[in-house]
Structures are given as structure tokens and as C-alpha cells.
Amino acid sequence: MHSLAISKPAPTPRMCTGAISQHLQYLQSADSALRKGWVGTAIDSLEGGLAAGGGSLGDETETRAAYAKLISVSRRSCGPEVAPRLLRHLRERAGVEPDASLTHMVVGDAVYRGKCGQALDVLRDARAAGAPLSSGSFDAIIQAAGRARDVDTAATAYRLLRRSRIAPTSLTLNALMNVRSRCGDPKGCIALLRRAQAGAPRWPGEPPDAWSWITAMSCASRAGEYRMVRQLSVQLHCTEGVAPTTAAFNVAIDACFKEGKVSTAQLLYRRMRERRGDAPPLMVDTFNTMLTGLHRANLPTGPLMQDMAAAAVQPDAFTLCTLLRMQRSLQAARRVWYWGRNSGVARGQQAWHHMAECVSSNQTLRRPQGGVAAARLSRPSPPLPCTIPLPPLPHA
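Parameters at a glance
Residues numbered from 1 in each chain as written. Predicted model: local features only at pLDDT ≥ 70, side-chain atom pairs only at ≥ 80, totals over all residues. Heavy atoms only, no water. Helix = DSSP H or I, 4+ residues; strand = E, 2+ residues; numbered from the N terminus. Buried < 20%, exposed > 50% of the residue type's maximum accessible area, 1.4 Å probe, protein only. Contact = heavy atoms within 4.5 Å. Areas by Shrake-Rupley, 256 points an atom, 1.4 Å probe, with all protein chains shown as cover. Core = buried A, V, L, I, M, F, W, Y, C linked by side-chain atoms within 4.5 Å. Polar contact = N/O pair within 3.5 Å; in protein donor to acceptor, adjacent residues only side chain to side chain. Patch = residues over 30% accessible without salt bridge, like charges linked within 9 Å, V, L, I, M, F, W, Y side chains within 5 Å. Salt bridge = Lys/Arg side-chain N within 4 Å of Asp/Glu carboxyl O. Lys, Arg positive; Asp, Glu negative; His and termini not counted. Charge placed at Lys NZ, Arg CZ, Asp CG, Glu CD. pLDDT = per-residue confidence, 0-100. Phe/Tyr/Trp six-rings, centres within 6.5 Å; stacked < 30°, edge-to-face > 60°. Axes fitted to C-alpha atoms, helices over the stretch in contact; angles between N-to-C directions. Parallel < 35°, antiparallel > 145°, perpendicular 65-115°, else oblique. Left-handed = near helix turned anticlockwise from the far one by under 90°. Nonpolar A, V, L, I, M, F, W, Y, C, P; charged D, E, K, R; others polar. Disulfide = S-S within 2.5 Å. 1 Å grid on protein atoms, 1.4 Å probe; cavity = no way out; pocket = protein on both sides within 12 Å on 5 of 7 lines; lining within 4 Å. Points joined across faces, edges and corners; volume = space filled by probe spheres on them.

**Details of the overall build of the chain**
Counting its secondary structure elements, the chain contains 20 helices and zero strands. Going through the 396 residues of the chain one by one, you find that 44% of them count as buried. Here the analysis covers contacts within the chain between residues at least 6 apart in sequence; of these, 64% occur between residues at least 24 apart. If you sum the accessible surface of the chain, you get close to 21000 Å²; carbon and sulfur atoms cover 52% of it.

**Focus on the nonpolar core**
Counting 110 residues, the largest nonpolar core has Leu34, Leu46, Leu86, Ile141, Ile142 and Ile253 as its most contacted members. Looking at which element gives the most residues to this core, the answer is helix α13 (residues 246-259), with eight residues. Setting aside residues no more than four positions away along its own chain, Ile141 makes contact with Val107, Val111, Cys116, Ala119, Leu120, Leu123, Thr153 and Ala157.

**A look at the environment of Ile141**
Take Ile141: it is sitting in helix α7 (residues 135-147). On the accessibility criterion, Ile141 (0% relative accessible area) is buried.

**Topic: the side chain of Ser74**
The residue Ser74 is located in helix α3 (residues 60-77) in this model. A distance of 2.7 Å separates a polar side-chain atom of Ser74 from the backbone oxygen of Ile71. Excluding anything up to four places from it in sequence, Ser74 contacts Val82, Ala83, Leu86 and Arg113.

**Quick look at a positive patch on the surface**
Together, Arg127, Arg159, Arg162, Arg163 and Arg165 line one region of the surface with positive charge. Along the chain, the position of Arg163 falls in helix α8 (residues 151-163).

**Describing the pattern of salt bridges**
Summed over all chains, the structure comprises 14 salt bridges. Note that Arg93 and Glu47 form a salt bridge whose closest N and O atoms lie 2.9 Å from each other. One end of the pair, Arg93, is in the loop between α4 (82-92) and α5 (100-112); the other, Glu47, is in helix α2 (residues 39-52), with 46 residues separating them in the sequence. Put simply, Arg75 and Asp109 hold a salt bridge, and the shortest N to O gap is 3.8 Å.

**Quick look at the confidence of the model for the chain**
When pLDDT is averaged along the chain, the result is 83; 85% of the residues meet or exceed 70. The low-confidence segment residues 363-373 (pLDDT under 50) makes four contacts with residues lying over four places distant or belonging to another chain. Note that residues 379-396 has pLDDT below 50 and, in this model, 32 contacts with residues that lie over four places away or in other chains.

**Examining unusual backbone geometry**
Ala200 connects to Pro201 through a cis peptide bond whose omega is 5 degrees. Tracing the chain through its elements places Pro201 in the loop between α10 (186-198) and α11 (210-222). One non-glycine residue, Arg165, adopts positive backbone phi at about 60 degrees. The residue Arg165 is located in the loop between α8 and α9 (170-182) in this model. Look at Ala312: it is not a glycine, yet its phi comes out positive at around 55 degrees. Along the chain, the position of Ala312 falls in the loop between α16 (302-310) and α17 (317-326).

**Here we look at the environment of Arg159**
Summarising the element assignment, Arg159 is placed in helix α8. You can call Arg159 partly exposed: its relative accessible area is 42%. In this structure the C-alpha to C-alpha distance between Arg159 and Phe138, which are 21 residues apart in sequence, comes to 9.8 Å.

**A short note on the packing of aromatic side chains**
The relative placement of two aromatic rings is captured by the distance of their centres and the angle of their planes. The full count for this structure, using the stated rule, is three aromatic pairs. With centroids separated by 6.1 Å and ring planes inclined at 0 degrees, the aromatic side chains of Tyr158 and Trp203 adopt a geometry described as stacked. Here Trp203 lies in the loop between α10 and α11 and Tyr158 lies in helix α8, a separation of 45 residues in the sequence. Assigned by exposure class, Tyr158 and Trp203 land together as buried. Note on Tyr269 and Phe287: the rings are 6.2 Å apart at their centroids and 75 degrees apart in plane angle, and the pair reads as edge-to-face. Taken together, the positions of Tyr269 in helix α14 (residues 262-273) and Phe287 in helix α15 (residues 284-296) put the pair 18 residues apart, joining distant regions of the chain. Residue Phe287 is classed as buried on the basis of its relative accessible area, which comes to 2%.

**Here we look at the packing of helix α6 (residues 116-128) against α7**
Remark: α6 packs on α7, axes separated minimally by 10 Å, with the N-to-C direction vectors making an angle of 160 degrees. As summarised for this structure, α6 and α7 are arranged roughly antiparallel, according to the angle between their axes. Between α6 and α7 the crossing geometry is left-handed. On the side of α6, the interface is formed by Cys116, Ala119, Leu120 and Leu123, while α7 contributes Ser137, Phe138, Ile141 and Ala144. Partitioned by chemical class, the residues of the contact of α6 with α7 number seven nonpolar, one polar and no charged.

**Here's the deal with the state of the cysteines**
Within this structure, the stated rule accounts for zero disulfides. The cysteine Cys219 is free of any disulfide, with Cys189 supplying the nearest cysteine sulfur at 4.4 Å. You can call Cys219 buried: its relative accessible area is 2%.

**Regarding empty space enclosed by the protein**
Rolled over the atoms, a probe with the dimensions of a water molecule shows which regions are left empty. Scanning the entire structure with this criterion turns up one cavity of 30 Å³ or more. The volume enclosed by the largest cavity comes to roughly 40 Å³. Lining the largest cavity we find Met217, Ser233, Leu236, His237, Pro244, Ala248, Phe249 and Ala252. Mapped by element, the contributors of at least two residues to the lining of the largest cavity are α12 (226-237) and α13. The residue inventory of the lining of the largest cavity, partitioned by class, reads six nonpolar, two polar and no charged.

In C-alpha cells form, the structure reads like this:
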């Protein structure tokens, strides 16, 4: 009998164990050099690893992971020019095209360091090389340009996004609107919103979301265009697919108070309290907005604080600071201060500042006693009886 020969699959060519351990040693050496800031030594170690591995550090996934770790190390211990240099080394020397997440890591580092021009150069190089890109990288540059009130950089990033044939998202729209908002251009901000509502061809991306409307309303409110805020609020309620949020109601309520339409602001608040229609639930920000508006209009705030207690909404530091600004005497301010401590409100720097103003402006205490009185406020003493209605703890 002749034995049947069983054919085995050909073995997959792999690097030998010695070569693998050797190129890992080179990677560890590059990592250690970057942690010390020795960029040239790290690049030499990578070149040695490529030579030991026959021009490769493993498959593409392993190579990208190794360079991602090195880029992460360079962000903490090296200058802003090192991460783009490692990205170019991966593309040109290792022969591996960076993916969108790796490019975004380098762009995010440049944006964090305030180097938006360098981030744009990284995206231009990646686009020229045909590497995949994500819209989040462009959004990060536009957001940073908005914080710096740099309209030109934001426009350059958006043009590069369109040339890369990437559809803008709602986050891109919000970033562009935020640039106009920070530059004090409510008409330009609302024009972007209308353009996105119309859709293609002028806006080939996603439609506006709730935060797009909130950005437009906030921009108009800061510019004093309170009538425009109310118009946008009505249009938001009529827009299909977008539910009004608590932030949108808060902006509308604040604009109504500033315009002098107190009854309209109270109507919006009652709509939220009774959950009529598409009204969102009450949050602590809503109570803070109403508290500020009622105090500005010289109206009583007792019923509002009772509603806050009935809704079991925990007050925050802004609530405490607002109540402190409302008090006319030191004794009333002390009652509010002890109420905030017993309610578990975090008393930060702003709260201490307002309390110090109450102490310094009161004429019953002399200046040398102000520090002693402020020191007594930090002691765990029992609260004084409170005559103003303040909400207790939610679990009480």
C-alpha cells in the first residue's frame, strides 16, 4: 500500500523570534529617548528597527500602534514639531499610511498647543498623500479658531474640509456658528443656520441640531437682539426632528427678562413646570435663570424657591451666589450661607467673594472684625432661623 501524501498549507512568512525581539528593543529605545526629549536618538532607534526588520516593524496595524504610542509620549515630553515629524517618518520611512485616528491625534496636539497653522499643514500633507481624514480634525481647528476669534483660520479649515470631499456634520456647523458668535456677528451666525436649513447645494452636510439653535439664540441674546431670540425660539418649536432642550428654554427666558417681558418669561417657566407640550424638565439652571430675572425685576422669589424644593432640584454654587447678592443685610446673608452649607452646596471662590462683599458693605461690623467674622463662617456652627423660603435637601 502506498501511503497517501497529505499536503499541508504553506507556512506564512513571519519574522524570526530574534528579529522580533530586536525591533521591539529598538522601539523601547525610541520610547525612552522621547521621554527624555532626545528626538534625534529616537529617530535613529526607529531607523535601526527598520533595518533590523528588513524595512518593516511588523504589519501595518502593529506599526501604527507603535507610532501612536510614540506620538502620545512626544505630546507630553517634546515640542510641537515632534509629532508631525513622527507622522511623516511613518509615511515616508516605514511605508505605512497613517489612519484618520492617528492624524487626528497629531492635529489635536497642535490645536492644544495653539498651533492651528501647523495643524492645517498636517491635514494638507495627509490630503496630498491620499490618507483618510475625519471631519473631527477640521472641527477641532474651527473650534480653536473660534476661541481665538480668528475667522480666517476657521474659513481656511472649512475650505480644506470641502476640498477633501468630506461632508460637514452638525458639529462642523456648530463650530462655524460659534466663530461668528464669539466675534459678535449675530446676523452671520443666523445666516449660517438658515443656510444649513436650506440644505444642498449650499450646505451639503447634516441639518442643524438643537445646539445649532441654542448657539444662534445665545449669539442674538449677547448682541441685545432679544426679539430675534424670541423668533428663533418659536421657529425651533416648529422645526420637525429637533426637540427643544432645557438650555433653549433658559436662553429664551433670560432674553424675555432682559427685554422686560416678565409675563412671557413666567409663561415659559410654567410651561416647563407643568411639562406642557414638548417642554423639557426643570433643571437647576432654569431656577438660576428665573432667580436672576426675578431679582432684576424686583419681584418676590419665595414661590420660585418653593417650586425648587417641590421639584427636588439640588441647588448649586450659582444658586448660592445669586441668593447672596440678593441680601440686604449681613444677618440675611449669614442665613443663606448656612443654608448653602447644610444643603451640601460647594462653596467656591465666587461664593466666598460674595460673602466677603456682604461683610465689607455692612456698617454694623468694623473693618478689623471682618476677618474674624469671615473665619467664623467656616466653623460648623448651627444655622440661624431663616425667614426666607429656601428649599431643603432633596432627600429631606
